[in-house]
Amino acid sequence: MRNVAGDSLGALSRRSASGVHRETFLTPSACSAGVPRSGSGQAALKERPAPANFSRALLPTKTIHADVKLAFAGSSMAVTSLAHFDDAALAAEISKQGDLIKGMKAQKKSKAEQQPHVDRLLALKNELAVRTAKSAEKKFDRAGLESLLLKRFFYSPSFAIYGGVTGLFDYGPPGAAIQNNLINLWRKHFVLEEDMLEIECTNLTPEAVLKTSGHVDRFADYMVRDVKTGEIFRADHLVKQVLKARLEDDLALKNGTFDKKKVPKGKPIPEQLKPEVKADYEMVLESLDNYQGDDLWKLMQRLEIKAPETGNDVSEPKLFNLMFETQIGPTGQFKGFLRPETAQGHFLNFKRLLESNQGQMPFASASVGKSFRNEISPRQGLLRVREFTMAEIEHYVDPLKKEHPRFAKVKDVVLDLYPADRQLKGLGTIRMSIGDAVAQGIVNNETLGYFVCRIHLFLLRIGINPARLRFRQHMANEMAHYATDCWDAEIESSYGWIECVGCADRSAYDLTAHSKATKEKLVVRESLAEPIVRNVVALDIKKAVFGPAFKGNAKFVMGYLNSLGSKADGDAETEIAWDADKLKDLQEKLKLGGGKATIIGTDGKEYVLTDKMVEIAERVEKISVREYTPNVIEPSFGLGRILYSLFEHVWWIREGDDEARNVLSFNAAIAPTKALILPISSDKSFVPYLQRVADGLRREGVSSRIDDSAASIGKRYARNDELGTPFAVTVDFQTLKDGTVTLRERDTLRQIRQSVEVVLAVVKHLVEERLSWGDVEARYPAFEGQDLGA
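Residues numbered from 1 in each chain as written. Predicted model: local features only at pLDDT ≥ 70, side-chain atom pairs only at ≥ 80, totals over all residues. Heavy atoms only, no water.

Things to note about the overall build of the chain
Which entries qualify depends on this criterion: Helix and strand assignments follow DSSP, with helices taken as H or I runs no shorter than four residues and strands as E runs no shorter than two, numbered in order from the N terminus. Using a 1.4 Å probe on the protein chains alone, a residue whose accessible area is under 20% of its type maximum counts as buried, one over 50% counts as exposed, and one in between counts as partly exposed. Only heavy atoms matter for contacts: two residues are in contact if any of them lie within 4.5 Å across the pair. All accessible areas in this document rest on Shrake-Rupley with a 1.4 Å probe, and a residue is counted as covered only by the protein chains that are shown.
Helix and strand counts for the chain stand at 26 helices and 36 strands. Within the chain, the fraction of its 790 residues that count as buried is 48%. Counting contacts in the chain only where the partners sit at least 6 residues apart, residues at least 24 apart contribute 68% of the total. Here the chain displays about 38,600 Å² of accessible surface, and carbon together with sulfur accounts for 51% of that area.

Following this line, the structure appears as structure tokens:
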């Protein structure tokens, strides 16, 4: 099997004579020259050991051209970068260059004059051949990876012996272990390092809570049906699936690799797309999240989106609420839902959390738990499921003080950002430091920027390929009306760019909404070092007169009066910042009307106010305690999505002498089992040493397992490489002589030989991220040969 990554250099994977896996990288000069298979051209080949934790599942096994530049001696041609040609332009350039050479031959130009143009034509054709090969190889072998994950029981469909239920999965021993390790590392990276308060809340939520939060009315996706078969699709996913298929067919047609035999009978063979149509498809894919409701339906009609398998029309998109409804208690009268997110438990417990933090601001709460969403058509394995584990953080911050005390520590970290304006223009990502992004207003504030950066560092820490990670800003139609800013950490996999972490500035929406619904003050009271003294125009309501005058309609008149002011950013519900101009206008109306003024209530009816009901006056206000509702910065992690993306990023194939073998290059901190312990043979003399190593690792809290099966040592190594076990401790006949054992590293296959005590300490430090394998090799001599006999 061959796999290709977006690496700018060609790479050939092979095993060297010493048995150590090595990769041969082709330099750009070698690529542009068309490196021969033998002869002097091999001087351009450079060998180096395979780097640890490199995403080899997408490494190329054929030469890939970098930004190849051609210059021709004695020619007036400008230097040309082939990377700047898209596939259509490259094909056109080949045709143009061929016509030019034919014309020169017709004019009987000398070979010397023709040669630069012939060289350029050959380079162009070589580039097309490389791209064709790359396109053929680029298809990630998802079936191969999923077969491995099922074979080793990382996960499997739930209720499989009953036929299974889509969108539900069970984690096996290695899958459960790696998820637990991921959670433990998340706790270290966020909860411990940021002094967060961790909580655990119930999965069941009363309807009233989710009505207030907006989930009952708005937590929905658009779905469509095949009008003949009734098959259901999520509308935006269907658009994405159809357009991607059309673009893939277009590329295959251009490259001559399209297989007409795969076209079902009765369906027409697709034609190449016009450049403007291709550009339209690409723009739609970039901005698809911006289409909702009627706009989405109009888009589907314009693009003639059909059901993929049948080619039938689909129905108009309809909203489908994604929550699982249930009844709490035996009467059936107390409606509830399985929670669609873990956040609401944080907000409802805000007062107790603030007390736990001694009333100090800012602070953060964190939780890890299950959430449930009744997905319309879960078709992407662990990426779209109906029950999943979330890790969420709610960071509470003063709305007037969104600076972060630790921002200086991360301000120089460079990220791939995809701002909303660049999405609308189809300009792609931009690399910049988080400090510059905040300074330029691309990211709204320091606290949001700080957490975006911390998310980035966490994903790299667990093994996500940085070249396949970006942060995409929500566009206007995606952004919740109350949100100040929102960025998604998107990870590229064979499914495309997938949102795995969201990081939003939710303003004070949630706490304010729950406070209004419950009449419970969810606020912070801050004693001011110096009282604020100010002159204000205020309105006082004389309730003894106001209430009896309007009776049941008083709320409509109060609605009008409240519209004369507003709550200052972050102020609690009890404090209204009156608009002095509006109050003076009302005061003038009362004066002109002889103490009476006609107003329009919030019910649209007219009411008469008198100066006996309200009083408008200037006064001096002294504020010693500031009361405000905090804003919330919320990083939200979908652990299943992160885990699947990680599987793709760390999977690769090791080409052996006899067969290709799967390897999962998990970081030691994430790997389900840290160390394999195995004897070189079934000799009973090895048993005490095996137990000594196992007991020592167990005491250090390092997970390990003994494999003393009858399989060859090579097969036992390979079996555990498939499980992602990073280290192997081998007991052999030399162990019986001097008490030493070997320690093997999974990716490089290199070993050291030391005493049991030293090896145990090394493994512990590797797992705790105190040492890298490079540190170990620098400290201890390499071990080359195994003692296979007594």
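With respect to the pairing of strand E26 (residues 606–610)
Condition: Here a strand pair is declared whenever DSSP counts at least two bridges between the two strands.
Of the strand pairs in this sheet, strand E25 (residues 596–600) and E26 are connected by 5 bridges, and their pairing is antiparallel. In the sheet register, Thr598 faces E26, and the bridge partner there is Val608. The loop that links E25 with its antiparallel partner E26 comprises 5 residues; one of these, Gly604, has a positive phi angle of about 85 degrees.

Considering the packing of aromatic side chains
Worth spelling out the cut-off: Stacked, tilted and edge-to-face pairs are distinguished by plane angle, under 30 degrees for stacked and over 60 for edge-to-face with tilted covering the rest, among Phe, Tyr and Trp rings (Trp via its six-membered ring) whose centres lie within 6.5 Å. When the NZ atom of lysine or the CZ atom of arginine is within 6 Å of a ring's centre and also within 35 degrees of its normal, the charge is said to sit over that ring.
Per the counting criterion, the structure on display carries 19 aromatic pairs. Plain terms: the ring middles of Phe350 and Tyr396 are 5.1 Å apart, the flat faces sit at 55 degrees to each other, and that makes the pair tilted. Taken as a pair, Phe350 in helix H12 (residues 350–356) and Tyr396 in strand E16 (residues 387–397) lie far apart in primary sequence, 46 residues in all. Here Phe350 matches Tyr396 in class, with each residue buried. One aromatic cluster is present, built from ring pairs that chain together Trp186, Phe190, Phe458 and Phe637. The ring of Phe190 carries the charged tip of Arg454 above its face, separated from the ring centre by 5.8 Å. Its end group placed over the ring of Tyr717, Arg744 keeps NZ or CZ at 4.2 Å from the ring centre.

Overview of the sheet that holds strand E34 (residues 740–745)
Put simply, the test is: Geometry is summarised by axes, namely lines fitted to C-alpha atoms with helices restricted to the contacting stretch, and by angles between N-to-C directions that run from 0 to 180 degrees.
An order of E32-E31-E33-E34-E35-E36 is seen for the 6 strands of this open sheet, with the pairing classed as mixed. Whereas interior strands pair on both sides, the edge strands pair on one side only; in this sheet they are strand E32 (704–706) and strand E36 (782–783). Pairing geometry for strand E31 (residues 675–679) and strand E33 (residues 727–731), over 5 bridges, is parallel. Across the sheet, the residue bridging to Pro679 is Val731, located in E33. Each of E31, E32 and E33 touches helix H22 (residues 687–699); the most contacted strand, E31, lies at about 170 degrees to it.

Quick notes on the nonpolar core
Heads up, the rule is: Put simply, buried Ala, Val, Leu, Ile, Met, Phe, Trp, Tyr and Cys residues joined by side-chain atoms within 4.5 Å make one nonpolar core.
Counting residues in hydrophobic clusters, the biggest one holds 68 residues, and the most contacted among them are Trp186, Leu459, Phe637, Phe647 and Phe666. Once you skip the residues sitting within four places of it in the chain, Phe637 turns out to touch Trp186, Phe190, Thr389, Met390, Ala391, Ile393, Ile455, Phe458, Cys500, Val501 and Ile642. Formed by 28 residues, the second largest nonpolar core is a distinct cluster that contains Ile677, Leu690, Phe727 and Val763.

Remarks on the side chain of Arg626
Under the convention used in this document: Two N or O atoms form a polar contact when they lie within 3.5 Å of each other; inside protein one atom must be a possible hydrogen donor and the other a possible acceptor, and for residues adjacent in sequence the pair counts only when both atoms belong to side chains.
Note that Arg626 resides in strand E27 (residues 614–628). Within polar-contact distance, the side chain of Arg626 engages the side chain of Asp398 at 2.8 Å. Once residues within four sequence positions are removed from consideration, Arg626 is found in contact with Asp398, Pro399, Leu400, Val524, Arg525, Glu526 and Leu528.

Structural notes on the confidence of the model for the chain
Defined as follows: The predictor's confidence in any single residue is recorded as pLDDT, a number from 0 to 100.
Per-residue pLDDT for the chain averages 84, and the proportion of residues at 70 or more is 85%. Between residues 1–80, whose pLDDT stays under 50, and residues either more than four places distant or in other chains, the model counts 171 contacts. Low pLDDT, under 50, characterises residues 568–574; the stretch is placed with 20 contacts to residues that sit more than four places away or in other chains.

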